[in-house]
Amino acid sequence: MRALWILGAVTLTLTTAVLVTGSSEPSPRGLPSRALGTAGGQLVVPASTLQQKAHVVLVTLDGARWQDVLAQPGALSSSPAMPKLLELVARNGVALRATTSSKVPLSLPGYQALAAGRMTSCEDNDCARLEGETVAEGLARGLGLPMEQVAVFASWARLSFAAAGAEGAVTLDAPPRGLPGPGGPPWEDARWDVETTARALSHLTTHRPRFLQLALLDTDEWAHQRDAQRTVQALRAADDAIAALLEVVRTWPEDERRLTTLLVTTDHGRGPGSLWHAHGAFDASRNIFLLAAGDLVRGGDELATQADVRPTIERLFGLCPRGSGGRAVTAIVGDLPCGVAGAATP
Ligand SMILES: [Zn+2]
């Protein structure tokens, strides 16, 4: 593999694009469009190299608020809850405002919109399994990968209804449905994020998967319990989890490490102001974030949607997105080429 690294200046900004807002939520239009830093530049490589070498680590933080993740006015804590992630993004990535693409801003509808790259018929957390190929399954087929190379680790049992439409194509590691066992969290269909993180880290270390999704939950559950302190603690733990994942990536061969992209987003936002603990019934809970970091990230200022995540991931692997409602986010993928896997591409 002989790749040509074309470097260009990249500037990170927080987008100030117009968003759907709740009536009493501080207007995101007031978000300062301040540059957080300058990334090194976007690597431009042939699609065939991306198809053979690229990796994506996707972390979803259930119901995390953009104010808390991006340390903006209205955040639950006075100091940044995710300082390591913000520092990384400032140095080598983008922090974009985004909106949900689900019918309603609830968990399973959000995860399905993300995995399908479009709005699905799912309207609540009891809807049916996603029909058709999910983003993970599409990668496994498109890149011809064995199941350990495409892996989803989730703290929430029902995320499996968005992660895989069929059995056996990808690795799916989620707790069983039902009440938690001894030592588990005080909510059903779940396990603690710390356990999910440990399992994901082990898989990342052992198998060096091309795609890994770590789907965390504690943030949403503590918020529903109106426990601001534990919500912030969950975000800090997620910040540490992401740092630990990237520590593993740093041990990889240089070409694969440089072609690895971290994406961080959520299934939905939360209510405005004092209704921060709830979500679903408020337009404000459609406001979310999409963060990306890595040498492939172009940089720029753009409003993204949840449906854009799937085609963005596909482009990061040199695959041409097909048929979903979203589009690859230019601020992330820039001019990355795409083509048919296995074929000679420029
Ligand atoms: Zn959720």
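These numbers were taken from a predicted model, which means no experiment stands behind them.

Participant: Help me out: how do you make sense of the environment of Ala164 in this one?
Facilitator: Among the secondary structure elements, Ala164 is positioned in the loop between α6 (160–163) and β6 (171–173). Sequence spacing of Ala164 and Ala136 is 28 residues, and the spatial spacing of their C-alpha atoms is 7.2 Å. Among all residues touching Ala164, those that are not within four sequence positions of it are Arg129, Thr134, Glu137, Val170 and Leu172.

Participant: It is not clear to me how the coordination of the zinc ion should be interpreted in this structure. Could you clarify?
Facilitator: Six octahedral donors around a metal ideally subtend angles of 90 or 180 degrees, whereas four tetrahedral donors ideally subtend 109.5 degrees. For the zinc ion, the protein coordination sphere consists of Asp62 (OD), Ser107 (OG), Asp267 (OD) and His268 (NE2), at 1.9 to 2.1 Å. Seen from the zinc ion, its four donor atoms lie at angles of 97 to 132°, and the figure they make is tetrahedral. Taken in chain order, the donor set of the zinc ion reads D-x44-S-x159-D-H. For the pair formed by Asp267 and His268, the shared burial category is buried.

Participant: When you look at the nonpolar core in this model, what are you seeing that I'm missing?
Facilitator: A general trend in soluble globular proteins is that nonpolar side chains are found buried together. Within the largest apolar cluster, 58 residues are counted, with the highest numbers of intra-cluster contacts made by Phe211, Ile313, Phe317 and Ile332. Within the second largest apolar cluster, 36 residues are counted, among which are Val57, Leu204, Leu216 and Val264.

Participant: Just checking my understanding: could you explain the sheet that holds strand β10 (residues 304–305) for this structure?
Facilitator: If you trace the eight strands from one edge of the open sheet to the other, you get β6-β5-β7-β3-β8-β9-β4-β10, paired in mixed fashion. Each end of this open sheet is capped by a strand with a single partner; those strands are β6 and β10. Where strand β3 (residues 55–61) lies against strand β8 (residues 260–265), six bridges are found, and the strand directions are parallel. The residue of β8 that forms the bridge with Leu58 is Leu263.

Reading the values: rules and limits
- Residues numbered from 1 in each chain as written.
- Predicted model: local features only at pLDDT ≥ 70, side-chain atom pairs only at ≥ 80, totals over all residues.
- Heavy atoms only, no water.
- Helix = DSSP H or I, 4+ residues; strand = E, 2+ residues; numbered from the N terminus.
- Contact = heavy atoms within 4.5 Å.
- Donors = N, O, S within 2.8 Å, 3.2 Å for Na, K, Ca; no water.
- Tetrahedral: all angles 85-135°; square planar, octahedral: opposite > 155°, others 65-115°.
- Buried < 20%, exposed > 50% of the residue type's maximum accessible area, 1.4 Å probe, protein only.
- Core = buried A, V, L, I, M, F, W, Y, C linked by side-chain atoms within 4.5 Å.
- Pairing = 2+ DSSP bridges.

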